[in-house]
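One-letter residues, chain by chain:
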Amino acid sequence: MAEPAKRRATYADLEAVPEHLVAEIIDGELLTHPRPSPRHAATTNSLSDELTGPFQKGRGGPGRWVFFSEPELKLGSGILVPDIAGWRRQRLPSYPKTNYFTVVPDWVCEVLSASTERRDRSVKKRKYATAGVAYLWVVDPRQQLLEAFALIDDRWLGSGVWTSDEMVAAPPFDAISFSLADLWPLDRPLGLNEDPQTLYAGDR
């Protein structure tokens, strides 16, 4: 006998997940992972701070953007949760009436953790492209790297890779620059030949 079709996860299943876990629905499957480590949280908070002043509040930058941390994005039949997402204000003039966003963001950022890196770099990256997200940043606090991508003809094209000893000016936020090292305030910059695993073995 043929096996019965696997039940597809629903938003109600996602809502039932305990609060100490982050939950997503990808290809009909409910996937969870632990809340981020302190290093991951510090990186996300620091990056949000770098962008919010100039691009959301117009302090030293053009404004006209709005940012959310860990928003639920309804992309097709799935729910994805990036670490940060940004919308140009003309595309998101008001809050959604649901707990999730249906307007595709203009930019998303994934801050990598050991428990999420494979998913972030593969299926989620593809889902963002399919949905039409225009820009993607991938930040790795353990390797101390920032990679930027732009969606060109439905494919991700790399805009650059930055290390801790460099100033970042990456699209779509290249109207300003900031020190990448500021995203990990309690870590010294890694040398190019250092193995980060010896320093960050406890991160999730």
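Rules used in this analysis
Residues numbered from 1 in each chain as written. Predicted model: local features only at pLDDT ≥ 70, side-chain atom pairs only at ≥ 80, totals over all residues. Heavy atoms only, no water. Pairing = 2+ DSSP bridges. Helix = DSSP H or I, 4+ residues; strand = E, 2+ residues; numbered from the N terminus. Axes fitted to C-alpha atoms, helices over the stretch in contact; angles between N-to-C directions. Contact = heavy atoms within 4.5 Å. Phe/Tyr/Trp six-rings, centres within 6.5 Å; stacked < 30°, edge-to-face > 60°. Buried < 20%, exposed > 50% of the residue type's maximum accessible area, 1.4 Å probe, protein only. Lys NZ or Arg CZ within 6 Å of the ring centre and 35° of its normal.

Enquirer: For the sheet that holds strand E6 (residues 84-88), give the residues involved together with the corresponding values.
Expert: Within the open sheet, the 6 strands sit side by side as E3-E6-E8-E9-E10-E11. Their pairing is mixed. Of all strands in the sheet, those bounded by a partner on one side alone are strand E3 (65-69) and strand E11 (155-163). If you compare each strand with its neighbour and ignore which way they point, the axes differ by 15° on average. Taken together, the 3 bridges between E6 and strand E8 (residues 107-111) define a ladder with antiparallel strand orientation. The residue of E8 that forms the bridge with Ala-85 is Val-108. Sitting on the sheet, helix H2 (residues 38-56) is in contact with E3, E6, E8 and strand E9 (135-140), with an inclination near 165° to E3. Its contacts with the sheet place helix H3 (residues 117-131) against E8, E9, strand E10 (145-152) and E11, and it is angled at close to 170° to E8.

Enquirer: Explain the packing of aromatic side chains to me, and be specific about the residues and the numbers.
Expert: One pass over the structure, following the stated rule, counts 14 aromatic pairs. Taking the centre distance of 4.9 Å and the plane angle of 55° together, the rings of Phe-68 and Phe-101 count as tilted. Residue Phe-68 is located in strand E3, and its partner Phe-101 is located in strand E7 (residues 100-101); the two are separated by 33 residues in the primary sequence. Overall, Phe-101 belongs to the buried group, its relative accessible area being 7%. Here the guanidinium or amino end of Lys-125 rests over the ring plane of Phe-149, the centre of that ring lying 3.8 Å away.

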